[in-house]
Amino acid sequence: PATPVVSIGDKVLKGQLIAAAKGFVSAPVHASSSGVISAIEERAVPHVSGMQAPCIVIETDGDDHWIEHSGTADYRKVTASELTAIIRDKGITGLGGAGFPSAVKLQPQQTIDTLIINATECEPYITADDILMRERAAEIIAGAEILRHIIKPNKETLIGVEDNKPEGIAALKKAAEGTGIQIVVFPTKYPSGGEKQLIQILTGKEVPSGGLPSDVGIVCQNIG
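Residues numbered from 1 in each chain as written. Predicted model: local features only at pLDDT ≥ 70, side-chain atom pairs only at ≥ 80, totals over all residues. Heavy atoms only, no water.

Let's shift gears to helix α1 (residues 80–89). Those residues of α1 lying buried are Leu83, Thr84, Ala85 and Ile87. Close packing links the buried residues of α1 with α2 (102–105) and α4 (137–151). Positioned one or two residues after α1, Gly91 has a phi angle of 75°, which is positive. (Buried < 20%, exposed > 50% of the residue type's maximum accessible area, 1.4 Å probe, protein only. Helix = DSSP H or I, 4+ residues; strand = E, 2+ residues; numbered from the N terminus. Contact = heavy atoms within 4.5 Å.)

What follows deals with the sheet that holds strand β6 (residues 52–60). Strand order in the open sheet formed by three strands is β2-β5-β6, with antiparallel pairing between adjacent strands. Across the chains shown, the open sheet's two edge strands, defined by having one partner strand only, are β2 (11–12) and β6. In this structure, β2 lies alongside strand β5 (residues 35–44), joined through two bridges in antiparallel fashion. In the sheet register, Val12 faces β5, and the bridge partner there is Gly35. (Pairing = 2+ DSSP bridges.)

Secondary-structure assignment places Gln221 in strand β10 (residues 218–222). Look past the residues within four positions of Gln221 in its chain and what remains in contact with it is Ser102, Lys105, Leu106, Ile116, Ile117, Asn118 and Leu147.

Time to look at a nonpolar patch on the surface. Together, Leu13, Trp66 and Ile67 give the surface a local cluster of nonpolar side chains, amounting to about 230 Å² of exposed area. You can see Leu13 is positioned in the loop between β2 and β3 (17–20). Accessibility expressed as a relative area gives 31% for Leu13, which makes it partly exposed. (Patch = residues over 30% accessible without salt bridge, like charges linked within 9 Å, V, L, I, M, F, W, Y side chains within 5 Å. Areas by Shrake-Rupley, 256 points an atom, 1.4 Å probe, with all protein chains shown as cover. Salt bridge = Lys/Arg side-chain N within 4 Å of Asp/Glu carboxyl O.)

This part takes up the pattern of salt bridges. This structure, assessed with the given rule, holds nine salt bridges. One salt bridge in this structure joins Glu195 and Lys105, with 2.9 Å as the shortest N-O distance. Within this pair, whereas Glu195 is found in helix α6 (residues 195–203), its partner Lys105 is found in helix α2, the two being separated by 90 residues in sequence. Look at Lys105 and you get partly exposed, because its relative accessible area is 26%. Within this structure, Asp130, Arg134 and Glu167 form a network of salt bridges that share partners.

Here the bond from Tyr190 into Pro191 is cis, since omega is 5°, no more than 30 degrees from zero. Tracing the chain through its elements places Pro191 in the loop between β9 (182–186) and α6. Even without a glycine there, the phi angle at Tyr125 is positive, about 75°. Secondary-structure assignment places Tyr125 in the loop between β7 (114–118) and α3 (128–135).

At a closest axis distance of 8 Å, the pairing of α3 and helix α5 (residues 166–175) adopts a crossing angle of 40°. If you check the angle between α3 and α5, you find them oblique. Relative to α5, the crossing made by α3 is left-handed. Each of Asp130, Met133 and Arg134 in α3 lies in contact with α5, whose residues at this interface are Glu167, Gly168, Ala171 and Leu172. Split into classes, the residues belonging to the contact of α3 with α5 amount to three nonpolar, one polar and three charged. (Axes fitted to C-alpha atoms, helices over the stretch in contact; angles between N-to-C directions. Parallel < 35°, antiparallel > 145°, perpendicular 65-115°, else oblique. Left-handed = near helix turned anticlockwise from the far one by under 90°. Nonpolar A, V, L, I, M, F, W, Y, C, P; charged D, E, K, R; others polar.)

A few words now on α5. The periodicity of an α-helix, 3.6 residues per turn, causes residues three or four places apart in sequence to face the same way. Listed in full, the buried residues belonging to α5 are Gly168, Ile169 and Leu172. Viewed end-on, α5 has its buried residues packed into an arc of 100°, placing them on one side of the element. (Arc of directions from axis to C-beta.)

Rendered as structure tokens:
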């Protein structure tokens, strides 16, 4: 769990750091809107058991005022370690249930042959990835290029998409022209969106029980 770096009564802006990462497999937390810290206490969190966890409560002011934005003008001129540090500091995590810190995935100890972008919905009837591909294909490919710059896969970069998303597939293929990124289409069958299942579908490799994709030379990130 992250450690709070604010106190009750502090004024915060949207995007401001409010809890620092504690350890390697941890992610910092940032304010979701502007306002005043009104409590730091145990609160019920979205979990089927109704469990409680430490929460920072912000009494929002309605302004939704951001901190000053900053960026990297050209990622190709920045080292992989510097980019990974930015990803870690910004609190970017995976979109699966574990919320696994993305920066940890991007620092594998093994040689990586394949970078996989998971564009497969995790459950039937969900359309989040589909609409993202239709409307943000260029940004998805740009993000994959940044990941390629960091990971430097020896062989290939694959985006796995189910065949029931023709509009998303067409948008991705157009955006990926000339990049060498392959859009791989396969039959829609639950639960292909699972990381280990998708890896086996796309590469034929099987992640060992208790192991990680990096053990078989693969890094897998969600399309979001």
